Amino acid sequence: MGSCENTIFTFPERYRSFTPEQIKLSVAQVDGGPQVVADIRMEQVPLRTLTGMVSELVEITRNYDKIHHRNKKKDDAHLNKHAMHLVRLYLMCLDILEKEEIVTFRAADHALLMDIRNGRYQREDHAFNSAFYDLLNDLEKRLDYAKEHTALPETPDLARIEAFQIEVNERVVRDEI
């Protein structure tokens, strides 16, 4: 649901007449189980626009179903590795938003990450324990706060990025890098 909501939030960049309030997602009981459902309020939407939006949401749903199905087949070592990488990515995002730097070597977090990878956050029934979910909730709250209070601009300076790419490519061609 979160991935779909994030995509809906970006629709105005690609579909000019769209506002995120036009599609609201929620969870409801459908066919005996919980399902993500959409309330859609739109009028006079060009069919191509609607098709594009629906296609994007269908692709997210399709990919989620594949991931969900694939992860059921994973052994504990693989699931723990994925869980460790999830936490690592949260920490890297926090570094970017809070410190405006990219830290790939996580020396300060190494013990925590290895505990996750080595299964210390997994119960005997192979599910993750509440401490892991508490950690994720804390990281998500920190990330939400950091996103709201970052000094980084709302949108990247695309012209500056392109100029940097051109400069790097020229240096590579001149064999300076």
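As a starting point, this report considers the structure included with it. All residue numbers refer to positions counted from 1 along the written sequence of the respective chain. Reporting of local features is limited, given that this is a predicted model, to residues whose pLDDT is at least 70; pairs of side-chain atoms are given and counted only at 80 or more, and all residues count toward the totals for whole chains, interfaces and linings. Side-chain numbers here rest on the full set of heavy atoms in the structure, without hydrogens or water.

Thoughts on the environment of Asn-129
What counts is decided by this rule: Numbering of helices and strands runs from the N terminus; a helix is a DSSP stretch of H or I covering at least four residues, while a strand is a stretch of E covering at least two. Any two residues having at least one pair of non-hydrogen atoms within 4.5 Å are treated as being in contact. Any pair of N or O atoms that falls within 3.5 Å is considered a polar contact. Within protein, one atom must be able to donate a hydrogen and the other to accept it, and sequence-neighbouring residues count only if both atoms are side-chain atoms.
Along the chain, the position of Asn-129 falls in the loop between helix H4 (110–117) and helix H5 (130–149). C-alpha of Asn-129 to C-alpha of Leu-139: the two residues are ten residues apart in sequence and 16 Å apart in space. Contacts of Asn-129, omitting those with residues within four sequence positions, involve Arg-120, Tyr-121, Gln-122 and Arg-123. Among the polar contacts made by the side chain of Asn-129, one reaches the main-chain amide nitrogen of Phe-132 at a distance of 3.0 Å.

Some remarks on the environment of Gln-22
Summarising the element assignment, Gln-22 is placed in the loop between helix H1 (2–14) and strand S1 (23–30). Separated by 133 residues in the primary sequence, Gln-22 and Thr-155 place their C-alpha atoms 23 Å from one another. Residue contacts for Gln-22: discarding those within four places in its chain leaves Ser-17, Asp-39, Ile-40, Arg-41 and Met-42.

Here's the deal with the environment of Pro-153
With respect to the helices, strands and loops of the structure, Pro-153 is situated in the loop between H5 and helix H6 (158–173). In this structure the C-alpha to C-alpha distance between Pro-153 and Cys-4, which are 149 residues apart in sequence, comes to 24 Å.

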